[in-house]
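Listed below, chain by chain, are the residues.
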Amino acid sequence: MRKFFRLDQNHTNVKTEILAGITTFLTMVYIVVVNPAILSNAGVPFDQVFMATIIAAVVGTLIMAFGANYPIAIAPGMGLNAYFVTEVVQQDVSYSVILGAVFVSGVLFVILSMTSLRKTLIMAIPASLKYGITSGIGLFIAFLGLRMSGIIVESDTTLVTLGDLMAPGTLLTIFGLFVTLALIARNVTGGLFIGMFITGLVGFFTGQLQLEGFMDTPPAPVFWDMDIGAVFSNGLYTVIFAFLLVTIFDTTGTMIGVAEQAGFIRKDGSLPKARAALMADASATTVGAMFGTSPSSAYIESSSGVAAGGRTGLTTTVVAFLFILSMFFAPVIGAVSGLPAITAPVLIIVGCFMMEGLAKINWGSFDDAFPAFIIILSMPLTSSIATGIAFGFITYPVLKLVVGKGKQVHWMLYMFAVIFILQMVFFPGH
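Residues numbered from 1 in each chain as written. Predicted model: local features only at pLDDT ≥ 70, side-chain atom pairs only at ≥ 80, totals over all residues. Heavy atoms only, no water.

Caption draft 1: Looking closely at the overall build of the protein. The number of helices and strands found in the protein is 19 helices and four strands. The C-alpha atoms of the protein give 21 Å as radius of gyration, which agrees with the globular expectation for 430 residues (22 Å, within 12%). Residues classed as buried in the protein amount to 56% of the 430 residues present. Accessible surface, the protein as shown: approximately 18,100 Å² in total, 68% of it carbon and sulfur. Considering the protein, the positive charge centre built from 18 side chains and the negative charge centre built from 20 side chains are found 20 Å apart. (Helix = DSSP H or I, 4+ residues; strand = E, 2+ residues; numbered from the N terminus. Rg over C-alpha atoms; globule rule 2.2 N^0.38 Å. Buried < 20%, exposed > 50% of the residue type's maximum accessible area, 1.4 Å probe, protein only. Areas by Shrake-Rupley, 256 points an atom, 1.4 Å probe, with all protein chains shown as cover. Lys, Arg positive; Asp, Glu negative; His and termini not counted. Charge placed at Lys NZ, Arg CZ, Asp CG, Glu CD.)

Caption draft 2: Inspection of the environment of Ser 116 at higher detail. One can find Ser 116 in the loop between α5 (95-113) and α6 (117-124). Overall, the relative accessible area of 52% leaves Ser 116 in the exposed class. Considered as a pair, Ser 116 and Arg 275 are 159 residues apart in the sequence and their alpha carbons are 9.6 Å apart.

Caption draft 3: Examining the packing of aromatic side chains more closely. Inspection of the entire model under this criterion finds 19 aromatic pairs. When the ring of Phe 241 is compared with that of Phe 393, the centres are 6.3 Å apart and the planes differ by 90°; the resulting orientation is edge-to-face. Here Phe 241 is found in helix α11 (residues 237-262), whereas its partner Phe 393 is found in helix α18 (residues 385-402), with 152 residues between them in sequence. Each member of the pair, Phe 241 as well as Phe 393, carries the same accessibility label: buried. Judged by centre distance (5.7 Å) and plane angle (35°), the rings of Phe 366 and Phe 370 are tilted. One end of the pair, Phe 366, and the other, Phe 370, are both in helix α17 (residues 366-382), four residues apart, so they sit about a helical turn from each other. Note on Phe 366: relative accessible area 55%, which makes it exposed. On the basis of relative accessibility, which here comes to 28%, the residue Phe 370 falls in the partly exposed class. Ring pairs connect the aromatic residues Phe 103, Phe 223, Trp 224 and Phe 291, which therefore count as one cluster. (Phe/Tyr/Trp six-rings, centres within 6.5 Å; stacked < 30°, edge-to-face > 60°.)

Caption draft 4: Here's a closer look at the packing of helix α4 (residues 80-90) against α11. At a minimum axis separation of 11 Å, α4 and α11 run at an interaxial angle of 175°. On the basis of the axis angle, α4 is roughly antiparallel to α11. Along the contact surface, α4 presents Leu 80, Tyr 83, Phe 84 and Glu 87, while α11 presents Val 239, Ala 242, Phe 243, Val 246 and Thr 247. Per-class residue counts for the contact of α4 with α11 are seven nonpolar, one polar and one charged. (Axes fitted to C-alpha atoms, helices over the stretch in contact; angles between N-to-C directions. Parallel < 35°, antiparallel > 145°, perpendicular 65-115°, else oblique. Contact = heavy atoms within 4.5 Å. Nonpolar A, V, L, I, M, F, W, Y, C, P; charged D, E, K, R; others polar.)

Caption draft 5: Main features of the confidence of the model for the protein. Per-chain confidence: the protein averages 88 in pLDDT, with 98% of residues scoring 70 or above. Mean pLDDT across the secondary structure elements of the protein bottoms out at α6, with 74, and peaks at helix α14 (residues 313-325), with 96. (pLDDT = per-residue confidence, 0-100.)

Caption draft 6: Inspection of the environment of Phe 5 at higher detail. Checked against the element boundaries, Phe 5 lands in the segment before α1 (14-28). For Phe 5, a relative accessible area of 5% translates into the label buried. Each C-alpha atom, one on Phe 5 and one on Ala 142, is 39 Å from the other, the two residues being 137 residues apart in sequence.

Caption draft 7: Examining the side chain of Glu 301 more closely. One can find Glu 301 in the loop between β4 (296-298) and α13 (302-307). The buried charged residue Glu 301 lacks any salt bridge partner; its closest oppositely charged side chain belongs to Lys 360, at an N-O distance of 15 Å. Excluding residues within four positions of it along the chain, Glu 301 makes contact with Thr 24, Thr 27, Met 28 and Tyr 30. (Salt bridge = Lys/Arg side-chain N within 4 Å of Asp/Glu carboxyl O.)

Caption draft 8: Spatial organisation of empty space enclosed by the protein. Counted by the stated rule, this structure contains two cavities of 30 Å³ or more. Considered as a void within the structure, the largest cavity measures approximately 110 Å³ in volume. If you go around the largest cavity, you meet 14 residues; those closest to its centre are Met 78, Ile 137, Val 246, Asp 250 and Met 354. Secondary-structure elements contributing two or more residues to the lining of the largest cavity are α7 (127-149), α11 and β4. If one sorts the elements of the lining of the largest cavity by residue count, α11 sits on top with four residues. Taken together, the residues that form the lining of the largest cavity break down as eight nonpolar, five polar and one charged. Estimated volume of the second largest cavity: approximately 50 Å³. Lining of the second largest cavity is provided by Ala 82, Thr 86, Phe 140, Phe 143, Leu 144, Arg 147, Pro 380 and Ser 383. Those elements that place two or more of their residues in the lining of the second largest cavity are α4 and α7. Tallying contributions element by element places α7 first for the lining of the second largest cavity, with four residues. Of the residues contributing to the lining of the second largest cavity, the split by class is five nonpolar, two polar and one charged. (1 Å grid on protein atoms, 1.4 Å probe; cavity = no way out; pocket = protein on both sides within 12 Å on 5 of 7 lines; lining within 4 Å. Points joined across faces, edges and corners; volume = space filled by probe spheres on them.)

Caption draft 9: Here's a closer look at the pairing of strand β2 (residues 152-155). Pairing between β2 and strand β3 (residues 159-162): four bridges, direction antiparallel. Looking across to β3, one finds that Glu 154 is bridged to Val 160. What sits between β2 and β3 in their antiparallel hairpin is a turn of three residues. (Pairing = 2+ DSSP bridges.)

Caption draft 10: Spotlight on the packing of α1 against α14. Packing of α1 against α14 brings their axes to within 7 Å, and their N-to-C directions diverge by 50°. When the axis of α1 is compared with that of α14, the two are oblique. You can see that α1 and α14 cross each other, and the crossing is right-handed. Mapping the contact onto sequence places Val 14, Glu 17, Ile 18, Ala 20, Gly 21, Ile 22, Thr 24, Phe 25 and Met 28 in α1 and Leu 314, Thr 315, Val 318, Val 319, Leu 322 and Phe 323 in α14. (Left-handed = near helix turned anticlockwise from the far one by under 90°.)

Caption draft 11: Region of the structure containing helix α12 (residues 274-291). Given a rise of 1.5 Å per residue, 18 residues ought to cover 26 Å, and the 27 Å separating the end C-alpha atoms of α12 matches this to within 8%. Burial analysis of α12 places 14 of its 18 residues in the buried class, the great majority of the element. One or two positions beyond α12, positive phi appears at Gly 292, with a value near 120°. (Expected span 1.5 Å × (residues − 1).)

Here's what the structure looks like:
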């Protein structure tokens with residue numbers, strides 16, 4: 001084990017790696033509860049999403065462990081799971097069709113990861129658009145959490161308004177939100193998970209959480225519940241592009257950030273074994289779609305394990321093992337995911353985390369700032385990540401041309417702008 005994971009060369013040991021793996025798992029295990037809770041709103045059965053979430057996490061994380069020997073964990077990402085639900089509703093199709101779109105984007109992701117096109121795409125898209133997309137998704141999922149909990153409700157006059165804060169579920173959400181905020185502010189390891197646990201405990205004693213069991217045999221996974229043909233017959237190309245683009249940005253940015261923290265980045269800025277690392281999330285997205293979940297990405301929560309001393313794939317092997325163990329807790333996880341008061345605080349707080357990039361946008365340059373702004377504004381208001389991306393990709397090259405900076409724009413952005421304009425004119429709603 002020491003030799004395989006090169007523990008000595010990375011100045012670590014088995015005990016440190018195991019503790020780091022446990023730390024990373026505790027900070028990201030919330031996804032096992034939150035992902036089924038979100039995707040169930042699209043009609044995907046709880047057991048199917050539960051097992052698909054774990055399978056995708058285990059596959060991606062183990063590829064990262066054995067292929068790249070990095071302490072970076074993979075699992076279905078936040079934001080795109082919410083986008084999955086809105087596309088099922090807006091496109092008026094079954095969840096199997098959107099799963100097909102995820103699968104197609106996953107296959108494209110794998111192909112891109114095997115070539116230099118992924119790097120070219122990342123370099124071609126300006127930082128302001130990347131930060132705008134991430135921040136827009138943050139608002140998107142935070143708004144979803146507020147709606148799920150009843151803190152914000154529909155209004156005929158103002159579209160949305162403040163809900164009944166004294167309703168039992170809403171009151172429990174507010175309690176859970178402040179408990180979790182306190183834990184996060186105090187830098188408590190696994191604060192999101194602990195906050196969910198405390199909220200669930202209060203929900204149990206107040207009769208809002210009904211438990212019919214604790215452990216059981218894992219549910220049988222569902223394989224290939226997809227309709228790939230309907231993806232193309234419904235013209236869901238923008239949906240595929242949105243899944244692909246956001247996953248690329250999200251996972252690449254996270255991977256670089258954690259790699260820098262761990263000291264893996266070379267002096268020339270390159271990342272050793274980058275191709276193997278990039279294949280981990282691409283493979284997890286493809287496999288996850290086969291079993292019934294939204295796209296996967298590298299988790300920024302992996303930084304907690306790195307901070308605890310994790311430096312090799314042994315850390316992520318421990319994470320994968322713990323995800324496998326979580327299969328046996330389907331009854332309690334199913335009950336917890338069915339109570340929005342437990343999962344909504346996580347969406348709101350993770351949404352806040354995703355706003356960090358706002359500080360890196362050059363707000364003093366209008367031609368950089370407005371495309372980011374329109375992305376951030378339109379994502380939550382249209383309930384569509386794809387629409388936000390389209391608005392940003394159209395306005396950015398147009399503004400650059402107007403101010404005489406058209407040559408600074410990569411040709412791929414002009415191509416995307418034309419594609420998005422044609423899509424909005426001839427295929428609105430797709």
